[in-house]
Amino acid sequence: MTMVVPNGLSIAAVERETGLSKDTLRVWERRYDFPFPGRDEFGERIYPPEQVEKLRLIKILMDQGHRPGKIVGVEMEKLRAIASPEAGAEARADDSYAEPEELLYFIKLCKAHRVDEMRRDLSQSLLRMGMYRFVTDVVAPLTTMVGDHWAKGNLAVFEEHLYTECVQIVMRNAISSVPAASTRAGRPMRPRILLTTVPNEPHGLGLLMSEAILTLEGASCISLGVQTPITEIVKAAQVQSADIVALSFSASVRPAHVLESLGDLRAAVPDSTEIWVGGRSAVLVRRPPPTVRVLNLDELRDALDDWRRRNAN
């Protein structure tokens, strides 16, 4: 008898949520008997929340180099153990990965659903530390911790979303309070930077962190939000006279999709328009395209200084 799942996600929604293509989901269904979706009243596939959560975790492990045939049939608890920071990742084997108490405090607020308190305390940290240190010393490592806690099953998906929403509100308010870039001879200071993500990349915190630092350093930032089609990025870059297009890619995006998107964008914008990319996509470290500049948050200031030196006239 076909399972009816009234509150599940469609296959298109699962593709957006996990980064796994519809074709992959159908092949796994035949090959591994997972996922095993139910059907809605129209006979369309509907995936229960617990299966979507497992698919998200499988995608993270695949991006770390695990083969799907070895992990798709593994129980959720074992998958979380494999994904946990203590599961033998040599890069995290030293004591430097110990989670700071001041950041664990925000994890506890998130798990307790004390949203107003979390937003207030994040705002106070920003005021106390200043924008740059708040981004690099709080938001960046805390976001990584939230992802790790979700992978280990310590945070639910909705709790991860609560955290994201809190940080976005705090940082948007802070960015809007930064004085507009100064002008010279009546023209805005450069560079003009267009920030967005490509389709199938719904994660925007990395982009927001970059925007905060770039705005603080006097760049003129135009944010399109997330999941902008390549053709629309090209149009916006032209209309906004963008000097740089900045993109962020999380670990959940398929490497092939990252490279294809960057290739299409590079071919469509003028050579004079630089493309800066960042995020946790492994392909940006292993095989960065030669026509884009891969940067982390700590490198943005130097990259801006370098661009201004090269475009001083």
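So, on to the overall build of the protein chain. Helix and strand content of the protein chain: 14 helices and ten strands. Since a compact globule built from 313 residues should have a radius of gyration of about 20 Å, the 21 Å found for the protein chain is in line with a globular shape. With respect to the three principal axes, the spread of C-alpha positions in the protein chain is 75 × 45 × 40 Å. Looking at the protein chain as a whole, 44% of its 313 residues are labelled buried. Contacts in the protein chain between residues at least 24 apart in sequence constitute 70% of all its contacts with a sequence separation of at least 6. Working note: accessible area of the protein chain is about 16,200 Å², and carbon and sulfur atoms make up 51% of it.

A separate point is the sheet that holds strand 3 (residues 45-47). Taken together, the three strands give an open sheet; going across it, the order is 1-3-2, and neighbouring strands pair in antiparallel fashion. Two strands in the sheet have a free side with no partner beyond their single neighbour: strand 1 (9-10) and strand 2 (38-39). Relative to strand 3, strand 2 runs antiparallel, the two sharing two bridges. Of the residues in strand 3, the one forming a bridge with G38 is I46.

Before going further, it helps to examine empty space enclosed by the protein. Evaluated as defined, the whole model comprises two cavities of 30 Å³ or more. In this structure, the largest cavity encloses a volume near 70 Å³. Lining the largest cavity are E15, G19, L20, S21, N200, S252, V253, R254 and H257. Here the residues of the lining of the largest cavity sort into two nonpolar, five polar and two charged. In this structure, the second largest cavity occupies an estimated 30 Å³ of space.

Moving on to the sheet that holds strand 6 (residues 192-196). Strand order in the open sheet formed by five strands is 7-6-8-9-10, and the pairing between neighbours is parallel. Pairing within the sheet leaves two strands with one partner each, and these edge strands are strand 7 (220-223) and strand 10 (293-294). With two bridges connecting them, strand 9 (residues 274-279) and strand 10 associate as parallel partners. The residue bridging V277 from the neighbouring strand is V294, located in strand 10. Lying on the sheet, helix 10 (residues 205-216) is in contact with strand 6, strand 7, strand 8 (244-249) and strand 9; it crosses strand 6 at an angle near 165°.

Within the largest apolar cluster, 49 residues are counted, with the highest numbers of intra-cluster contacts made by L122, Y163, M171 and W276. When contributions to this core are tallied by element, the ones reaching two or more residues are helix 6 (101-111), helix 7 (115-129), helix 8 (131-151), helix 9 (157-177), strand 6, helix 10, strand 8 and helix 14 (300-310). If you tally residues by element for this core, the top one is helix 8, at ten residues. Non-local contacts of W276, meaning those with residues more than four positions away in its chain, are made with L214, I244, V245, A246, L247, R293, L295, L300, A303, L304 and W307. L194, I230, A236 and V253 belong to the second-largest nonpolar core, a separate cluster that totals 22 residues.

Attention now moves to the pattern of salt bridges. Note that side chains of opposite charge can pair when their charged atoms are close. Enumeration over the complete set of coordinates arrives at 18 salt bridges. Two residues, R133 and D137, come together in a salt bridge whose shortest N-O distance is 3.3 Å. A residue pair is termed a helical-turn pair when its members lie 3 or 4 positions apart in one helix, as R133 and D137 do in helix 8 at four residues. The partner of R310 in a salt bridge is E274, with the nearest N and O atoms 2.8 Å apart. One end of the pair, R310, is in helix 14; the other, E274, is in strand 9, and 36 residues separate them in sequence. Exposure remark for E274: the relative accessible area of 16% places this residue in the buried category. One connected set of salt bridges, linked through shared partners, spans E274, R293, D306, R309 and R310.

Reading the values: the criteria
Residues numbered from 1 in each chain as written. Predicted model: local features only at pLDDT ≥ 70, side-chain atom pairs only at ≥ 80, totals over all residues. Heavy atoms only, no water. Helix = DSSP H or I, 4+ residues; strand = E, 2+ residues; numbered from the N terminus. Rg over C-alpha atoms; globule rule 2.2 N^0.38 Å. Buried < 20%, exposed > 50% of the residue type's maximum accessible area, 1.4 Å probe, protein only. Contact = heavy atoms within 4.5 Å. Areas by Shrake-Rupley, 256 points an atom, 1.4 Å probe, with all protein chains shown as cover. Pairing = 2+ DSSP bridges. 1 Å grid on protein atoms, 1.4 Å probe; cavity = no way out; pocket = protein on both sides within 12 Å on 5 of 7 lines; lining within 4 Å. Points joined across faces, edges and corners; volume = space filled by probe spheres on them. Nonpolar A, V, L, I, M, F, W, Y, C, P; charged D, E, K, R; others polar. Axes fitted to C-alpha atoms, helices over the stretch in contact; angles between N-to-C directions. Core = buried A, V, L, I, M, F, W, Y, C linked by side-chain atoms within 4.5 Å. Salt bridge = Lys/Arg side-chain N within 4 Å of Asp/Glu carboxyl O.

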